[in-house]
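Coordinate analysis (summary)
Here's the letter readout for the chains.
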Amino acid sequence: MFGHGSASPCRLSPTNVPTRARTGSTNAPRPTTKKADDALNGVYRDITRRLKDDAATTKLLVGAQKAWIQFRDAECTFANSDNAGGSIYPMVYNGCLTRLTKARTHDLQLYLKCSDDALGCPAPK
Amino acid sequence: MRRTGILIAACLGFAPPALALDCPGETQAAMDQCADAAYRKADDALNKEYQEITRRLKDDTATAKLLVSAQKAWIAFRDAECAFSSSANVGGTIYPMVYSYCLERVTSARVKELGVYLKCAEGDLGCPVPGE
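These figures come from a predicted structure and were not determined experimentally.

The next subject is the packing of helix 2 (residues 55–79) of chain A against helix 3 (residues 89–113) of chain A. The packing of two helices is summarised by the inter-axis angle and the distance between the axes. Residue and element names in this part refer to chain A. Viewed as axis vectors pointing N to C, helix 2 and helix 3 meet at an angle of 140 degrees, and their least axial separation amounts to 9 Å. Between helix 2 and helix 3, the angle falls in the class oblique. Helix-helix and strand crossings are classified by hand; for helix 2 and helix 3 the assignment is right-handed. The residues of helix 3 that touch helix 2, namely those facing W68, R72, E75, C76 and A79, are Y93, C96, L97, L100 and R104. Its residues placed into classes, the contact of helix 2 with helix 3 shows seven nonpolar, no polar and three charged.

All right, on to helix 2 (residues 28–56) of chain B then. All names here are of chain B. Given a rise of 1.5 Å per residue, 29 residues ought to cover 42 Å, and the 42 Å separating the end C-alpha atoms of helix 2 matches this to within 8%. Of the residues making up helix 2, those classed as buried are M31, D32, A35, A38, Y39 and I53. Buried-residue contacts for helix 2 involve helix 3 (61–85) and helix 4 (95–119).

Residues and elements named next belong to chain A. Here chain A averages 81 in pLDDT, and 75% of its residues register 70 or above. Confidence, expressed as mean pLDDT per element, reaches its minimum in chain A at helix 1 (residues 31–50) with 93 and its maximum at helix 2 with 97. Contacts for the low-pLDDT stretch residues 1–25, under 50 throughout, to residues beyond four places or in other chains number 46 contacts.

Next up on the list: the interface of chain A and chain B. In this complex, chain A contributes 31 residues to the contact, which on the side of chain B involves 33 residues. Top contributing element to the side of chain A that touches chain B by residue count: helix 2 of chain A, with 14 residues. For the side of chain A that touches chain B, a count of residues per class yields 18 nonpolar, nine polar and four charged.

All names here are of chain B. It is the contact of helix 3 with helix 4, at a shortest axis distance of 9 Å, that shows an interaxial angle of 145 degrees. The crossing of helix 3 and helix 4 is right-handed. Note on element contacts: helix 4 touches helix 3 through Y99, C102, L103, V106, T107 and R110, opposite W74, R78, E81, C82 and S85. Broken down by class, the residue content of the contact of helix 3 with helix 4 amounts to six nonpolar, two polar and three charged.

Attention shifts here to the environment of A55 of chain A. Residue and element names in this part refer to chain A. Mapped onto the fold, A55 is located in helix 2. Look at A55 and you get exposed, because 8 C-beta atoms sit within 10 Å. The spacing of A55 and R99 is 44 residues in sequence and 30 Å in space, taken between C-alpha atoms.

A word on the nonpolar core. The biggest cluster of nonpolar side chains holds 55 residues, and the ones touching the most others in it are A64 and F71 of chain A together with A35, A70, F77, V98 and C102 of chain B. Those elements that place two or more of their residues in this core are helix 1, helix 2 and helix 3 of chain A together with helix 2, helix 3 and helix 4 of chain B. Broken down by element, this core gets its largest block of residues, 11 residues, from helix 2 of chain A. Dropping the residues within four chain positions of it, A35 of chain B is found in contact with L21, C23, M97, S100, Y101 and E104 of chain B.

We now examine the confidence of the model for chain B. Caution is warranted with low-pLDDT regions, since their predicted coordinates should not be read in detail. Residues and elements named next belong to chain B. Averaged over all residues, the pLDDT of chain B is 86; the fraction at 70 or higher stands at 85%. The least confident element of chain B, judged by mean pLDDT, is helix 1 (residues 3–11) at 40; the most confident is helix 3 at 98. Note on residues 1–19: pLDDT under 50 across the span, and 36 contacts to partners over four residues away in sequence or across chains. Reported for the predicted complex are a pTM of 0.82 and an ipTM of 0.85.

Procedures and definitions
- Residues numbered from 1 in each chain as written.
- Chains lettered and ligands numbered in written order.
- Predicted model: local features only at pLDDT ≥ 70, side-chain atom pairs only at ≥ 80, totals over all residues.
- Axes fitted to C-alpha atoms, helices over the stretch in contact; angles between N-to-C directions.
- Helix = DSSP H or I, 4+ residues; strand = E, 2+ residues; numbered from the N terminus.
- Parallel < 35°, antiparallel > 145°, perpendicular 65-115°, else oblique.
- Left-handed = near helix turned anticlockwise from the far one by under 90°.
- Contact = placed C-beta atoms within 7 Å.
- Nonpolar A, V, L, I, M, F, W, Y, C, P; charged D, E, K, R; others polar.
- Expected span 1.5 Å × (residues − 1).
- Buried ≥ 20, exposed ≤ 12 C-beta atoms within 10 Å, placed from the backbone.
- pLDDT = per-residue confidence, 0-100.
- Core = buried A, V, L, I, M, F, W, Y, C linked by C-beta atoms within 7 Å.

Given below as structure tokens:
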């Protein structure tokens, strides 16, 4: 879910960016981004599992993750703006996606590690 | 919640960046104020960076427009994330403090990201902001 490169109906936004690349360049998902996406999806699933009896908090998690995806895509479009139309656009864009995805994974992992009594721990063990 | 509450929470092994805030206080109001002040400090730093990036992009309206979109999307993410992050404390007396902690954490991360754009060198891949 919230993954990348697949035809899953759960995919919320495309991570393949249409380019005006030369013939021979590819829009195919890069391995680094897929690996980062898989790691993020794994952590996200773990949190979702903990919240399976808490529909209200699950809804907030979904809202936060959707908002993050929108932010990720807008940020990487901005970060890559000086490469627009160039053949390196997909590579640099995917590099940005990977970087932001790794940061998001790290932040979500903190939610898996926090304890019940802590502040800001919405999905305790 | 007393001052020791924060220490206890930290000792239980939860050490998110938010609890790096030093907000001791004898009253909840004092701790709330401290956490809020920390968030506002980060927000001020963010606004300064944002204004500087905007200034450097004054001759590049296309990129400036992308910056605006990214920042709007970030604001929506910040708010959604902090609603999730502090959801377990809703209705409790510590809720405002927890929410401020989250805002400070997410905003500080954004300050770092924008800081990179201000320092990146021309010719770097993914460097949309010209140098000074």
